[in-house]
Amino acid sequence: MDINELNDQRLRRREELKFFEEKGIEPYPYSYSTTHTAKFILENFDDTNPAPLSNVSIAGRIMTFRRMGKATFCDLQDETGRIQVYFRKDDLPEMYDLLKYLDIGDIIGVEGFVFRTKMGEITVHTRNFTLLCKSLTPIPVPKIEEDEKGNKIVHDQFTDKELRYRRRYVDLIVNSEVREVFRKRAKIISFIRNYLDNRGWLEVETPILQPIYGGATARPFITHHNALDIDLYLRIADELYLKRLIVGGFEGVYEIGKNFRNEGMDRMHNPEFTALEIYVAYKDYFWVMELVEDLLNSLVLNIFNSDKIVYNGTIISFEKPFQKVDMFDLFTKFIGEDLLSKDEIELFKIAKRLGLELPENSNKVKILDEIFSEIIQPTLIQPTFVKDYPIEMSPLAKKHRSKPGLVERFELFICGFEIANAFSELNDPRDQRERFEEQAKLRAKGDEEAMVLDEDFIYALEVGMPPTGGLGIGIDRLVMLLTDQKSIRDVILFPQMKLEPKNL
RNA sequence: GACCCCGUAGCUCAGUGGUAGAGCAUCUGACUUUUAAUCAGGGGGCCGCAGGUUCAAUUCCUGCCGGGGUCACCA
């Protein structure tokens, strides 16, 4: 970067850096030993017995300065929180003047003793301090005011969404609630992994680069392998590979990983997103329903110490059992007609009557899907299993054991969005081939999202897959729900953005 | 992809057809228990980019870039 582009604050910091180097002070040292964290000190300081904290060493980023001549206070932020640090000229005869060359954003280590100030704040009284990293560019400096009731009022908060997403590291420094969201995300994923491991299932990793993409209906990202000179696709789902592992004799396999879909981005969609998929041999979708109920119920209990959460101001209960309802019963309830028996032309008329806009060549599946997602889905607030979908919507699900035209599939809806999708997995290779052929016809008619025939997958089914229950959970949406976030971008550390313009 | 809103100092934001203002941050000075520290003084802006209208544009118009939102597409 051209030096002329630096503003006064950045120039000043470079001068300070030079000052430290000329003084023989390393501005970027190699390590520092801490004995305590901010949180530990704040939680454990005892006014009647300060001795245990009479010699602490902490490290963190300077977030505020209050300089008062021969005394200075600043707030030091480490990963656990913020603690006030006190510097007194009398106690730091040689070093006190160095404080002048420190800025908000610098990282320092502080050794000293803990005491409580007149104003009642637990504070580290500095005996010695060390520069650990000179920050050369200023960060936003929101100020936090606490009113008499203890409510926190944040002034000059860093709110520009574009900058917050592009410079997530700054967002994380400055907006503590963002750190909490991602801690909770990690906790959720860790809980799920433990839960599945404890049930004895095997965590596996399947290819992200795939010669044939499958397992969902979506447009893929295409890439190229130079040595093999072939195009490969980034996976849109794990499903077909995990089922191959069930064929291989593992009786419970799961994967938590990224999928990639080359489609629109909005509040609910990011091009790469995290999914859990799990397949368990000898089980059907009724068993999977109980699994989902128990997994989510224990997850919520573990994180909230309650089976109720609040999302967008609404109390959501994860008490078992969740509601279960047949998709076509919902249609009857909301539309007043049994849609199962209707043909494409009748469905089209009904959709028009409901005021839905449909493309001219909409097939039966698209119309049903449209009616469901527009009219019914937004009303599914409390956890609700919707089950028994039309066969055309679900090319990898097993035909219903008693209801013609339907498959054994359910989806779980909470707060109007889909959290889980599960089937009794189709394991009849003859049927699977026919379903793929149906998809090929849709593709021929211009449906770019229709599935592609995967001969090797059919071959695997011919080798033989036991009856299997399968499940997919959108982890990002689950995290949104459990952290009360309205946009998927707020639960993904580095959401997809357009290229950064040069002038930013 | 369509439509609506937004883009002004490091951050949060005002404002005007005559090339800009506040608070915080920053700099100088004062201040040895402050906490949105305070007090006094100073510096800092291609007003997103490009073009047009105009004597004159940051302001009005058009296009572009970036962001947010709604819809479409999509689980």
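Thresholds, definitions, all that
Residues numbered from 1 in each chain as written. Chains lettered and ligands numbered in written order. Predicted model: local features only at pLDDT ≥ 70, side-chain atom pairs only at ≥ 80, totals over all residues. Heavy atoms only, no water. Helix = DSSP H or I, 4+ residues; strand = E, 2+ residues; numbered from the N terminus. Expected span 1.5 Å × (residues − 1). Buried < 20%, exposed > 50% of the residue type's maximum accessible area, 1.4 Å probe, protein only. Contact = heavy atoms within 4.5 Å. Domains from an automatic or database assignment. Pairing = 2+ DSSP bridges. Axes fitted to C-alpha atoms, helices over the stretch in contact; angles between N-to-C directions. Near = heavy atom within 4 Å. Polar contact = N/O pair within 3.5 Å; in protein donor to acceptor, adjacent residues only side chain to side chain.

Here we come to helix α1 (residues 8–22). For α1, with 15 residues, the first-to-last C-alpha span of 21 Å sits near the 21 Å given by 1.5 Å per residue. Along α1, the residues that are buried comprise Arg10, Arg13, Glu16, Leu17, Phe19 and Phe20. Tucked inside the fold, the buried residues of α1 contact β5 (122–133). Within two residues after α1, Gly24 carries a phi angle of roughly 80°, on the positive side.

What follows covers the domain arrangement of chain A. Assigned domains of chain A: these are domain 1 (7–155) and domain 2 (176–322 + 382–497). Distance between the C-alpha centres of domain 1 and domain 2: 47 Å.

Turning next to the sheet that holds strand β18 (residues 406–414). Within a beta sheet, neighbouring strands are joined by backbone hydrogen bonds and run either parallel or antiparallel to one another. Strand order across the open sheet formed by eight strands is β8-β12-β13-β20-β19-β18-β17-β16, with mixed pairing between neighbours. Strands at the two margins of the open sheet, each flanked by one partner only, are β8 (202–203) and β16 (323–326). The pairing of β8 with strand β12 (residues 252–260) spans two bridges and is parallel. When the bridges of β12 are listed, Leu202 appears paired with Val253. Along the sheet face, helix α6 (residues 239–247) touches β12, β13 (272–281), β19 (417–424) and β20 (468–474) and points at about 25° away from the line of β13.

Turning our eyes to something else, we now look at the protein's contact with RNA strand B. Taken together, 57 residues are adjacent to RNA strand B, and Asp90, Thr217, Glu263, Glu411 and Arg489 come closest. Sugar and phosphate atoms constitute 55% of the interface atoms of RNA strand B, taking the interface as everything within 4 Å of the protein. At a separation of 3.0 Å, a base nitrogen of RNA strand B approaches a polar side-chain atom of Gln9. Here a base oxygen of RNA strand B sits 3.0 Å away from a polar atom, N or O, in the main chain of Lys118.

This next bit is on the environment of Ile492. Considering the arrangement of structural elements, one finds Ile492 in the segment after α13 (475–483). Through-space distance from the C-alpha of Ile492 to that of Val124 is 35 Å; in sequence the pair is 368 residues apart. Apart from residues lying up to four places away in sequence, Ile492 is in contact with Arg168, Phe182, Arg185, Asn270, Glu272 and Asp476.

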